[in-house]
Amino acid sequence: MNLLKFFTAGSVDDGKSTLIGRLLYDTDSILADQLEALQQSNRKNDDGTIDLAILTDGLRAEREQGITIDVAYKYFQTDKRKFIIADTPGHIQYTRNMVTGASTAKLAIILIDARNGVVEQTIRHSYLVSLLGIEHVVVALNKMDMVDYSETVFNAITEKYKTLADELKLKEVTFIPVSALKGDNIVHESKHMEWYQGRSLLHFLETVDVEDKQSYNLARMPVQWVVRPQTDELHDYRGYAGRVLSGSFKVNDRVTVLPSGSSSVIERIEIFDQRPEEVHAGQSVTLHLKDNVDISRGDVLVNADHLPQNSKLIEADVCWMDARPLDESITYLLQHNSKVTKAKINEIVYKVDINTLEKENAVDFKLNDIGRVVIKTADELAFDLYTDNKANGAAILIDSRTNLTVAALMFRAVADY
Ligand SMILES: Nc1nc2c(ncn2[C@@H]2O[C@H](COP(=O)(O)OP(=O)(O)OP(=O)(O)O)[C@@H](O)[C@H]2O)c(=O)[nH]1
């Protein structure tokens, strides 16, 4: 059964906790003991129904404990799909947590309070979604019960959001009018909004096509070890084991070894005692090549017809995640998949005011700031642009003095100077 990881974003009190609670409650994903606690709780809504936000309170307590716990995850499943919800706090001071929780998500649910429409936080969350290249966006217009389930209100907000979505080049945006509190269009279709012909939120989540077709050709596999048994009958055996990072490898594909640049052809693929013709991202495999090329641990095998970029000077979007601000005089460590190299920030190109989306000149770059930098690495990096291949287009910066991750990077271009 396939898995969909998504995250929710909204301003304080838009109803994020209630919406997650409603999804879990109406899909019977709540454990018996939690249910009992819910029923016994004296936290009730005004109309006497149980307050579903209680279900995510545990997460909230954790998150308020401090900055060590980044993102809380909730799991549930239906007979169609498994789901992981990354519950990311929406406030500006948690931008880095959102980036962490959202970076591996395939879909974002952006909550809008139907009474308030598009607000500053909506812009900020949508900007992060576009920055992280999340393909699918569901705009859940919540609290429809408080605006008389009005189609006019829904249409007005939808139009406004579409302008923002165009500006941010968001690709797939779906609007669903819901009431998390009353349960309209969350799991069950609403009886109060005949004018809405679309799917309920859960139905949409169950059926949306999130397969990654984009990076199919961008086959990349870092070699974790070279398998060379020391026995006589196997003296010709030499395999390269690792996990396919992105794309697909097939028998007879031409591959290039990086950084050396030598090439060969895949003779055989092994997964335990099987010999598949083709393997895909996420699978751990052993590849055998026709020629005896020099490959060692840490090298990367890539599709020879679709080579990655190769540079020491890279333009990247950066989200700063450390309390110590960016320091252009420091040499950081950059980790790109399994490769670690020294790196410096050569230039801050701009910083983005994520509430207004204005680009501004930056003299400093602090916790939760987002913008564009040029980074210079000690070794050449074989990377893809983040828009082409997220798996090979992102990296982190580490402060070697503290060993803390100080920034997330998304590669945007080879710097041309
Ligand atoms: N009428 C109505 N009230 C709702 C709806 N969804 C949530 N609420 C109420 O709005 C308030 C805030 O809901 P929460 O789920 O706690 O909001 P939140 O966005 O999770 O808030 P934070 O976690 O504090 O950011 C609560 O009183 C909810 O009962 C809805 O669809 N209709």
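Here the structure is a predicted model, which means the values were calculated and not measured.

**A look at the overall build of the chain**
Okay, step 1: The helix and strand tally for the chain stands at seven helices and 22 strands.
Okay, step 2: Counting all 417 residues of the chain, 38% fall into the buried class.

**Description of the domain arrangement of the chain**
Okay, step 1: Domain assignment breaks the chain into domain 1 (3–207), domain 2 (220–303) and domain 3 (309–414).
Okay, step 2: The C-alpha-based centres of domain 2 and domain 3 are spaced at 31 Å.
Okay, step 3: Facing the nine residues of domain 2 at the interface are eight residues of domain 3.
Okay, step 4: In terms of residue class, the side of domain 2 that touches domain 3 is built from six nonpolar, two polar and one charged.

**Thoughts on the site of the ligand**
Okay, step 1: In the neighbourhood of the ligand, 18 residues make up the surrounding shell, with G15, K16, S17, T18 and L181 lying closest.
Okay, step 2: It is helix α1 (residues 16–26) that contributes the most residues to the shell around the ligand, three residues altogether.
Okay, step 3: Considered class by class, the residues forming the shell around the ligand number five nonpolar, eight polar and five charged.

**Thoughts on the sheet that holds strand β12 (residues 263–270)**
Okay, step 1: The seven strands lie next to each other as β7-β15-β11-β12-β14-β9-β8, forming an open sheet whose pairing is antiparallel. At either margin of the open sheet sits one strand with a lone partner, and together these are β7 (220–222) and β8 (225–227). Ignoring strand direction, the axes of neighbouring strands in this sheet form an average angle of 40°.
Okay, step 2: Pairing geometry for β7 and strand β15 (residues 300–303), over three bridges, is antiparallel. Considered in β15, the bridge of M221 is made with L301.

**As for the pairing of strand β4 (residues 107–113)**
Okay, step 1: Across the seven residues of β4, six count as buried, placing the element largely inside the fold.
Okay, step 2: In terms of strand pairing, strand β1 (residues 3–9) meets β4 through four bridges, oriented parallel. Paired with F7 across the two strands is A108, which belongs to β4.

**Details of the confidence of the model for the chain**
Okay, step 1: With 86% of its residues at a pLDDT of 70 or more, the chain has an overall mean of 87.
Okay, step 2: Considering only residues more than four positions removed or in separate chains, one finds that residues 61–70, a stretch of pLDDT under 50, has eight contacts.
Okay, step 3: Overall fold confidence (pTM) sits at 0.82, and the ipTM for the predicted complex is 0.96.

**Focus: helix α6 (residues 151–167)**
Residue pairs three or four apart in sequence face the same way in an α-helix, which turns once every 3.6 residues.
Okay, step 1: Helix length check: α6, at 17 residues, gives a terminal C-alpha distance of 25 Å against a target of 24 Å (1.5 Å per residue), a fit within 8%.
Okay, step 2: Every buried residue of α6 is listed here: F154, I157 and Y161. Axial view of α6: buried residues confined to an arc of 75°, hence all on one face. Of the exposed residues in α6, those oriented more than 90 degrees away from the buried face are T152, E159, T163 and D166.
Okay, step 3: Contacts made by the buried residues of α6 are with β4, β5 (136–142) and β6 (172–177).

**Some points on the environment of Y240**
Okay, step 1: Relative to the assigned elements, Y240 resides in strand β9 (residues 239–243).
Okay, step 2: Between the C-alpha atom of Y240 and that of V285, which follows or precedes it by 45 residues, the distance is 8.1 Å.
Okay, step 3: Dropping the residues within four chain positions of it, Y240 is found in contact with V223, V226, T286, L287, I295 and L301.

**Some remarks on unusual backbone geometry**
Okay, step 1: Along the chain, L258 connects to P259 via a cis peptide bond; the corresponding omega equals 10°.
Okay, step 2: Within the fold, P259 resides in the loop between β11 (254–258) and β12.
Okay, step 3: Despite not being glycine, F272 has its phi angle at roughly 50°, a positive value.
Okay, step 4: Within the secondary structure layout, F272 lies in the loop between β12 and β13 (278–280).
Okay, step 5: In this structure F272 comes out as exposed when scored by C-beta crowding, with 7 C-beta atoms within 10 Å.
Okay, step 6: Despite not being glycine, N337 has its phi angle at roughly 50°, a positive value.
Okay, step 7: Within the element layout of this structure, N337 appears in the loop between β17 (332–336) and β18 (339–353).
Okay, step 8: Note on N337: 19 C-beta atoms within 10 Å, which makes it partly exposed.

**Some details on helix α5 (residues 120–131)**
Okay, step 1: Helix length check: α5 (12 residues) gives 17 Å between terminal C-alpha atoms against 16 Å at 1.5 Å per residue, within 8%.
Okay, step 2: Of all 12 residues that make up α5, nine are buried, and the element is covered over most of its length.
Okay, step 3: Of all the positions in α5, only Q121, T122, R124, H125, S126, Y127, L128, V129 and L131 are classed as buried.
Okay, step 4: The positive-phi residue at the C-terminal boundary of α5 is G133, with phi of around 65°.

**Side note on the environment of V12**
Okay, step 1: Locating V12 in the fold gives a position in the loop between β1 and α1.
Okay, step 2: With 9 C-beta atoms counted inside 10 Å, the residue V12 sits in the exposed group.
Okay, step 3: Taking the C-alpha atoms as reference, V12 lies 21 Å from D184; in sequence the two are 172 residues apart.

**Some details on the environment of K5**
Okay, step 1: By the secondary structure assignment, K5 is in strand β1.
Okay, step 2: Classification of K5 as partly exposed rests on a count of 18 C-beta atoms within 10 Å.
Okay, step 3: For K5 and F83, which are 78 residues apart along the polypeptide, the C-alpha to C-alpha distance reads 5.7 Å.
Okay, step 4: With near-sequence residues (within four places) excluded, K5 lies in contact with I84, A86, T104, A105 and K106.

Rules used in this analysis
All residue numbers here refer to positions counted from 1 along the written sequence of the relevant chain. Predicted model: local features are reported for residues with pLDDT of at least 70 only, side-chain atom pairs are reported and counted for 80 or more only, and whole-chain, interface and lining totals are derived from all residues. The helix count covers DSSP runs of H or I at least four residues long, the strand count covers runs of E at least two residues long, and both are numbered beginning at the N terminus. The exposure scheme places C-beta atoms from the backbone and then counts, for each residue, the other C-beta atoms within 10 Å of its own, assigning buried at 20 or more, exposed at 12 or fewer, and partly exposed in between. A domain assignment, automatic or from a database, supplies the domain bounds used here. Contacts here follow a simple rule: the backbone-placed C-beta atoms of the two residues must lie within 7 Å. Lys, Arg, Asp and Glu make up the charged group, whereas Ala, Val, Leu, Ile, Met, Phe, Trp, Tyr, Cys and Pro make up the nonpolar group; the residues left over, Gly among them, are polar. Contact assignment follows one rule, namely that a residue is near a molecule or strand if its backbone-placed C-beta atom lies within 6 Å of it. If DSSP finds at least two bridges between two strands, the strands pair. To define axes, lines are fitted to C-alpha atoms, for helices over the stretch in contact only, and angles between the resulting N-to-C directions are given on a 0 to 180 degree scale. Note on scores: pLDDT gives the predictor's confidence for each residue, bounded by 0 and 100. Between the first and last residue of a helix there are one fewer steps than residues, each counted as 1.5 Å, and that sum is the expected span. Regarding the arc, it is the one traced by the directions from the helix axis to the C-beta atoms.

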